[in-house]
Amino acid sequence: MTHPPVSSPSRRRALSAMCACTGTAAAAPLFGSGAMKMLAAGATMAGVALPAASAEIKTTLTPDQALDALKQGNRLFLADRLPAEPNRRDRRLAIAKSQAPFAVLVSCSDSRVPPEALFGRGLGDLFIIRVAGNSISQEGLGSIEYAVAELGVPLVVVMGHERCGAVGAALSVVKDHTIFPGAIGDMVQPILPAAISTRDKEGDWLDNAVRQHVVNVVEKLKISGRLIEDPIESGKLKIVGARYDLDDGSVDFFHA
Ligand SMILES: [Zn+2]
């Protein structure tokens, strides 16, 4: 992939602080420290050729239809009625030359939450960004922008899940000032605002933080730049937040 030139400063958009109530951790970037450069670059992309397109044919689904397809897939997953062979040879050959995914999934790396399985989907259906704690780095944001702007994906789902270990780690930082080795602390950092802002909230702290982090990522993504904002304004893109329940297998699309 080649990168477009950086735009003029006047085109740049600042990422506003997500939660005024999060204290020092409010500075923790959801999109990583280099997000400004990426957003600045994105501001010029409307007039600059994007990386070579692989999708000559894009999905015809609307945002709502794409969301319905995911909900229907999850219902089949819950009912143990998923297609036996979603990744058949003929499907592989049919999409070998181009892709037309209908949804972007931002989900946790947790081995128990594979998006294709939870939504009964296979090859070529979902464009997935997975990182522990379902945060979005600079690279993740660029991936989403590419999927939306170039592949024509009409729906982005940010999905947290029950008993998320990454969110749990953020809670331990807030509660016990835990210091993690290596780069684990960097992985936890974007989750800290959600952990802090839900600490005194009624109910289960971990689950409240899981949902709040999803909301934070969704809302931040909605103001991340023209490549995302323009299709939202024209009705071609929706971004929703969801929570997967490990116990019953259901996905609750609780935030839009
Ligand atoms: Zn997780």
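Undergrad: Run through the pairing of strand β4 (residues 238-244), naming residues and quoting values.
TA: The element β4 is extensively covered by neighbouring structure, given that five of its seven residues are classed as buried. Two elements, strand β3 (residues 155-161) and β4, share seven bridges in a ladder whose sense is parallel. Of the residues in β4, the one forming a bridge with Met159 is Ala242. As paired strands, β4 and strand β5 (residues 251-255) are joined by three bridges and run antiparallel to one another. Note on β5: the bridge partner recorded for Tyr244 is Val251. Hairpin connection from β4 to β5: six residues lie between these consecutive antiparallel strands, with Gly249 at a positive phi of about 80 degrees.

Undergrad: I'd like to hear about the nonpolar core, residue by residue, with values.
TA: One finds Ala103, Val104, Val106, Val157 and Ala170 to be the most contacted residues of the largest nonpolar core, which totals 53 residues. When neighbours within four sequence positions are excluded, Val157 is seen to be in contact with Leu70, Ala103, Val104, Leu105, Val106, Val240 and Ala242.

Undergrad: Before we move on, could you go through the packing of helix α6 (residues 165-176) against helix α9 (residues 205-222) and cite the residues and values that matter?
TA: Any two packed helices are characterised by how steeply their axes cross, that is the angle between the axes, and by the distance between the axes. Running from N to C, α6 and α9 point in directions that differ by 110 degrees, and their axes come no closer than 9 Å. One way to sum up the angle between α6 and α9 is to call them roughly perpendicular. Regarding α6 and α9, the two cross each other, and that crossing is right-handed. Counted together, Val167, Gly168, Ala170 and Leu171 of α6 and Trp205, Leu206, Ala209, Val210 and His213 of α9 form the full contact between these two elements. Of the residues in the contact of α6 with α9, the class split is seven nonpolar, two polar and no charged.

Undergrad: So what about the environment of Leu237? Which residues, and what values?
TA: One can find Leu237 in the loop between α10 (226-233) and β4. By C-beta crowding, Leu237 is classed as buried, having 23 other C-beta atoms within 10 Å. Spatially, the C-alpha atoms of Leu237 and Pro154 are 4.5 Å apart, while their sequence positions differ by 83 residues.

Undergrad: Which residues make up the confidence of the model for the chain, and what values go with them?
TA: Looking at the chain, the pLDDT average stands at 83 and 77% of residues meet or exceed 70. Here residues 1-55 scores under 50 on pLDDT; set against residues more than four positions off or in separate chains, the count is 96 contacts.

Undergrad: Describe the environment of Leu227, and please don't skip the residues or the numbers.
TA: Looking at where Leu227 falls in the secondary structure, it is placed in helix α10. Since 23 C-beta atoms lie within 10 Å of it, Leu227 is described here as buried. Here the alpha-carbon distance between Leu227 and Gly142, two residues 85 residues apart in the chain, equals 9.7 Å.

Undergrad: Would you mind going over α6 in detail, with residue names and values included?
TA: Across its 12 residues, α6 extends 15 Å between first and last C-alpha, which sits within 8% of the 16 Å expected from 1.5 Å per residue. Looking only at α6, the buried set comprises Ala166, Val167, Ala169, Ala170, Leu171 and Val174. His177 lies just past α6 and shows a positive phi near 55 degrees.

Undergrad: A description of the sheet that holds strand β1 (residues 103-107) should follow, citing residues and the corresponding values.
TA: Across a sheet, strands are paired by hydrogen bonds formed along the backbone, either parallel or antiparallel in direction. Spatial ordering of the open sheet is given by β2-β1-β3-β4-β5, a layout of five strands whose pairing is mixed. Looking at which strands have only one partner, the edges of the open sheet turn out to be β2 (126-130) and β5. Going from strand to strand, the sheet's axes swing by 30 degrees on average, the running direction of each strand aside. Strand contacts of helix α5 (residues 138-149): β1, β2 and β3, with the helix running at about 170 degrees to β2, the strand carrying the most contacts. Those strands touched by α9 are β1, β3, β4 and β5, and its axis lies near 165 degrees from that of β4.

Thresholds, definitions, all that
- Residues numbered from 1 in each chain as written.
- Predicted model: local features only at pLDDT ≥ 70, side-chain atom pairs only at ≥ 80, totals over all residues.
- Buried ≥ 20, exposed ≤ 12 C-beta atoms within 10 Å, placed from the backbone.
- Helix = DSSP H or I, 4+ residues; strand = E, 2+ residues; numbered from the N terminus.
- Pairing = 2+ DSSP bridges.
- Core = buried A, V, L, I, M, F, W, Y, C linked by C-beta atoms within 7 Å.
- Contact = placed C-beta atoms within 7 Å.
- Axes fitted to C-alpha atoms, helices over the stretch in contact; angles between N-to-C directions.
- Parallel < 35°, antiparallel > 145°, perpendicular 65-115°, else oblique.
- Left-handed = near helix turned anticlockwise from the far one by under 90°.
- Nonpolar A, V, L, I, M, F, W, Y, C, P; charged D, E, K, R; others polar.
- pLDDT = per-residue confidence, 0-100.
- Expected span 1.5 Å × (residues − 1).

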